Amino acid sequence: MCSDRVVPVVRVALTRSRTTAVIYLLALLAGPGCMARYIRMDEKGLTCAEAYQIAIGAVRRMNYTIDTSTKPTPGAPGVITATHTEGTATRGLMVQVFCTTMGASVEAKTEQG
């Protein structure tokens with residue numbers, strides 16, 4: 001069982017297929033046990049619109065139900081909140097898309113209920 005004081009962190013620069021990398025890392029985030037509960041991915045040259053669409057697609061492919069989504073704007077991140085229910089267990093997911101002049105970053109965090 002995981003300690004409440006230990007939160008594994010994964011930080012990755014995307015270098016392969018962007019969609020594949022996002023799906024893979026979000027799947028790690030959503031995995032059981034002590035796998036990562038926070039992930040940040042940075043990609044130079046990735047537009048806000050691309051990052052947002054990739055994140056939405058990844059959340060859907062992992063069979064999460066999107067509860068809310070807000071597109072990123074200059075100065076404000078895009079936010080996607082979603083839930084996944086298996087039996088009586090429900091897990092929440094929050095994904096944020098940050099945009100800069102250099103590219104985009106995607107951060108994801110899970111909540112276990």
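Residues numbered from 1 in each chain as written. Predicted model: local features only at pLDDT ≥ 70, side-chain atom pairs only at ≥ 80, totals over all residues. Heavy atoms only, no water.

Student: I'm lost on the state of the cysteines in this one. Help?
Tutor: All chains considered together, the criterion is met by 1 disulfide. Paired through a disulfide, cysteine 48 and cysteine 99 show a sulfur-sulfur distance of 1.6 Å. Of the two residues, cysteine 48 is situated in helix α2 (residues 48-61) and cysteine 99 in strand β5 (residues 89-99); the sequence distance between them amounts to 51 residues. Classification of cysteine 48 as partly exposed rests on a relative accessible area of 26%. (Disulfide = S-S within 2.5 Å. Helix = DSSP H or I, 4+ residues; strand = E, 2+ residues; numbered from the N terminus. Buried < 20%, exposed > 50% of the residue type's maximum accessible area, 1.4 Å probe, protein only.)

Student: Where do I start with the nonpolar core in this structure?
Tutor: Soluble globular proteins: nonpolar side chains tend toward being buried together. Ala51, Val59, Tyr64, Ile80, Leu93, Val95 and Val106 are the most contacted members of the largest nonpolar core, which has 19 residues in total. Of all the elements in the fold, those that place two or more residues in this core are β2 (38-44), α2, β4 (78-86), β5 and β6 (103-112). Looking at this core element by element, the count peaks at 6 residues for α2. (Core = buried A, V, L, I, M, F, W, Y, C linked by side-chain atoms within 4.5 Å.)

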